[in-house]
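Listed below are the residues making up each chain.
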Amino acid sequence: MYIHRVHIRNFRCLGNFEIILNPGVSLFVGENNSGKSTLLYAIDKILGRNPSQFELEDFYAPTSGFDPRTSEPIEIDIELRPSPVAANRSVTPSFSDQFIQDFTGKIDTDDKGQLFIGCVKARYDSATQQVQHRYYSINAAGIESPLTNRDRYRLRSYVPFYLVNAFRDSDKQLSQRGSFWGRLLEAIPVDATLAARVTASLSLVNDDLVTNTPRLQEIKDRFMELKDVIGLAAVPGCVQIHPIPPEPQDLLRNLDVLLQTRGSSNQFRLSQHGEGMRSLAVLTIFRIFVQTLVREENENDEANPILAIEEPEAHLHPHTQRAVVEQLGPLAGQVFVTTHSPKVAEPFEIQRIYLFRRPGPEAVLRYLPENHPTNPAQSFLTEPVKVKLDRYLKSGGAELFFARCIIFFEGDSERLALPVFAKALGINLDQLGITLLPVFGKDYEPYLRILHQTAFNIPWIILSDAEGNTLKELVSKLGKAGYVTQAEVGTLSDSGQLRNDILLPNNCFCYGDGEDFENLLLKAGFVTEYQEVIEKYELGAFKAFFDQQDKREKYASASMEMKIHDFVKTRSKPFYARMVAEKIAGTPNKIPSVIKDALKRAKELAEKDD
């Protein structure tokens, strides 16, 4: 069983929110306070172990002067579906006979099969001056049936919801009896024969410690003096001192974990390790709990837990972040993960990523549609595009999900020079949430498809060279990705107006005809700056390059601009791009206009409310 759909109205920043989910692991990304945690807390209200009461602060506030006491009710609807049959996807799944028996009259069907919708509604009651709430189920006809306390308990026993929030505290986790760790230890069975043997051994150890430790014996003697004051029983052993808990179960409650990490010569308790190891320990404890105790704790052999883990990357090394995510898959039928880390996002299939934005008081959700919006019979992404995106996102492209605007370009020269130019123009890329993303081979189309307004709707610009047929290729990619119609592509491709009519209106900034990045700077008059870098770092190589016999004649009458361009192409172009950019940065008005325009446009898009 899994959550197929969640519909939320008037809860915190979710004014009218709906999300369709699939079995397996889903990733929620977005800036702070964009609604990710709110969705998890809404689910917890229905399926959580100890759902809290609703407060006035829980009501969605569309304006600053909003009074929650006059608000429309909070409504949270969760649609549950039977889990797909793994062995045969063509078989229509169904709820178990026991679930159907427990919820007779509350299970509905549609063209996809069986479903169960559990709901909670809360509103302010002026008579009691409190927020009152009620639970119910609802069928397709809109008919409500109350969910009694027994119904709610039984429902949670089938799909218990467990949340590990971002503020996990390993010290509390290892010390509180109600924590995952405490519940694990309480549930450890100890064989009766073994328990008796251990108890006898512990009694001997305690006696030995007290007898041979004068200070402990003194403490025991002082308590013995109370026999006339409080009437201690006149029997041997009326006062006992236990340096060690005498029962095996008491010992288990104090169970400690010691770890010896790479490079260390000793083992240390978890409390003595750094924040990263302690955070990882909490996740490990959670995993052990889910894999060993969920069905027992819920008294239901059919218990299929739904898990939510906030920011598993907290305090962890990037490689460890990815390793932790890979361990989440086998935990349960459905797992929700929130993150601010591109490293965590990298392993996820793009269809399982949900982007939360909050342009105003209300959060909005973006994700890839299953089918093309203008052609429902066609998948939104073809298999070849999925394969490319998977490769690109695992190679550093996953940062795009965390960006407010993306600047695409072709090579490393731009990657090193653009931050220098941006700083010179007073544009703080990181502060604005602008991501620089190289796309080698000009293969922009896969990215443009998923950034489209019908999908993730993330603003972008392209800064491109204009060599060969680049402009026409860009227009073609815009057409395939749905930004311009094929009719426009056909009409304007040969008109000579591609820049003004298609490319610039779609935030594609191109260098001059035939120019790459080096041509752009050299033709803008920065020959001297290139010469200065060459003279400082590679003057000998420069002279040797043109002293070759096959180049003397070819470059005999060539301009210095051409010589520098051809030389740099054989060397480290990004190095020269960065060094020259730093020389130019001192006079921002000299930065080529196409770069200035592109950076300023990226700033506008990043600052624009969605």
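This text follows the structure it describes.
One structure accompanies this document, and this report is about it. Predicted model only: the values in this text are computed from it and were never measured.

Let's talk about the pattern of salt bridges
Under the definition given, this model contains 35 salt bridges. With its nearest N and O atoms 4.0 Å apart, the salt bridge here joins lysine 121 to glutamate 75. Here lysine 121 is found in strand β6 (residues 113-125), whereas its partner glutamate 75 is found in strand β4 (residues 74-81), with 46 residues between them in sequence. Residue classification places glutamate 75 among the buried positions, given a relative accessible area of 17%. Between aspartate 443 and lysine 388 there is a salt bridge, and its shortest N-O distance comes to 3.3 Å.

Things to note about the layout of surface pockets
Of the pockets and cavities examined, the largest pocket occupies roughly 810 Å³. His4, Ile20, Leu21, Asn22 and Glu370 are the residues nearest the centre of the largest pocket, which is lined by 25 residues in total. If you list the elements that add at least two residues to the lining of the largest pocket, you get β1 (2-11) and β6. Broken down by class, the residue content of the lining of the largest pocket amounts to 12 nonpolar, seven polar and six charged.

Details of helix α6 (residues 192-211)
Over its 20 residues, α6 extends 28 Å from the first C-alpha to the last, a length consistent with the 28 Å expected when each residue adds 1.5 Å. Along α6, the residues that are buried comprise Ala195, Leu202, Asn206 and Val210. Each buried residue of α6 lies within a common arc of 60 degrees when the element is viewed along its axis, so the set occupies one face. Across from the buried face of α6, at angles greater than 90 degrees, the exposed residues are Thr193, Arg197, Leu204 and Thr211. Sitting at the head of α6, aspartate 191 places a side-chain oxygen 3.0 Å from the backbone nitrogen of threonine 193.

Conventions and cut-offs
Residues numbered from 1 in each chain as written. Predicted model: local features only at pLDDT ≥ 70, side-chain atom pairs only at ≥ 80, totals over all residues. Heavy atoms only, no water. Salt bridge = Lys/Arg side-chain N within 4 Å of Asp/Glu carboxyl O. Helix = DSSP H or I, 4+ residues; strand = E, 2+ residues; numbered from the N terminus. Buried < 20%, exposed > 50% of the residue type's maximum accessible area, 1.4 Å probe, protein only. 1 Å grid on protein atoms, 1.4 Å probe; cavity = no way out; pocket = protein on both sides within 12 Å on 5 of 7 lines; lining within 4 Å. Points joined across faces, edges and corners; volume = space filled by probe spheres on them. Nonpolar A, V, L, I, M, F, W, Y, C, P; charged D, E, K, R; others polar. Expected span 1.5 Å × (residues − 1). Arc of directions from axis to C-beta. Polar contact = N/O pair within 3.5 Å; in protein donor to acceptor, adjacent residues only side chain to side chain.

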